[in-house]
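Chain by chain, the residues:
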Amino acid sequence: MGKWRDGGGTLTVGAGSEVREVPLRIAASYRARTRGLLGTDGVEGALLITPCGGVHTFRMRFTIDVAYLDRKFNVLAVRTMRPGRLGLPRIRARHVVESEAGAMERWGLRPGTRVRVSVPVTEVSPPAR
C-alpha cells in the first residue's frame, strides 16, 4: 500500500474457514501515532500504528496485546503489555497492531500469521479545470 492515512478499515486474520474480520482504526499521522490508545478505556477491534517499531504503555488505563508486523504484514511477535511498560523495539517491524488483552489469542493472531488490512476506497473528485 502507498501512503497511509488516519481512518478506519478492516483487519483480516486467518484463511479459509478460520477467517476473522476485525474493525480497525488506523493511526498514520504523527499526532494519531503519538496518541494511540492513550486516554481511552478500551478499544473496539484494533488499532494499527504505522510506521512503528515499538510501543509503550505509560499512562495507559488497561492491559493491551501488541502485535509487531513486518512490511508484508507477517506477524513477528505478539506481546501482552500491562500499563506503565516500555516494549522492546523490533528491528524488522514496520507496523504495530494494538488491541485489548486476550483479543489476539481469540483471533488466532500469533507469530508467523499473515494478516491483511483493507481500507475503504474514497471517491476522488476529478481535477478542477
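Note that this is a predicted model, so its numbers are computed, not measured.

Draft legend 1. Representation of the sheet that holds strand E4 (residues 64–69) within the structure. A sheet is described by the order of its strands in space; here 7 strands give the open sequence E5-E4-E6-E3-E2-E1-E7, paired in mixed fashion. The sheet is open, and its two edges are formed by strand E5 (75–81) and strand E7 (115–118), each paired on a single side. Put simply, the sheet's adjacent strands are angled 30 degrees from each other on average, direction ignored. Pairing geometry for E4 and E5, over 6 bridges, is antiparallel.

Draft legend 2. Representation of the packing of aromatic side chains within the structure. Scanning the entire structure with this criterion turns up 1 aromatic pair. For the ring pair Trp 4 and Phe 73, a centre distance of 6.1 Å and an interplane angle of 65 degrees mean the geometry is edge-to-face. A residue pair is termed long-range when its members are at least 10 positions apart, and Trp 4 in the segment before strand E1 (7–13) and Phe 73 in the loop between E4 and E5 qualify at 69 residues. Above the face of the Tyr 68 ring, Arg 90 is positioned so that its terminal group lies 5.1 Å from the ring centre.

Draft legend 3. Fine view of the side chain of Glu 98. Looking at the element boundaries, Glu 98 is found in strand E6 (residues 95–100). The side chain of Glu 98 sits in the buried core without any salt bridge; Arg 25 is the nearest counter-charge, 7.3 Å away. For Glu 98, the contacting residues outside a window of four places in its chain are Leu 37, Ala 46, Leu 47, Ile 49, Val 55, Ile 64, Asp 65, Val 66 and Met 104.

Basis of the calculations
Residues numbered from 1 in each chain as written. Predicted model: local features only at pLDDT ≥ 70, side-chain atom pairs only at ≥ 80, totals over all residues. Heavy atoms only, no water. Pairing = 2+ DSSP bridges. Helix = DSSP H or I, 4+ residues; strand = E, 2+ residues; numbered from the N terminus. Axes fitted to C-alpha atoms, helices over the stretch in contact; angles between N-to-C directions. Phe/Tyr/Trp six-rings, centres within 6.5 Å; stacked < 30°, edge-to-face > 60°. Lys NZ or Arg CZ within 6 Å of the ring centre and 35° of its normal. Buried < 20%, exposed > 50% of the residue type's maximum accessible area, 1.4 Å probe, protein only. Lys, Arg positive; Asp, Glu negative; His and termini not counted. Salt bridge = Lys/Arg side-chain N within 4 Å of Asp/Glu carboxyl O. Contact = heavy atoms within 4.5 Å.

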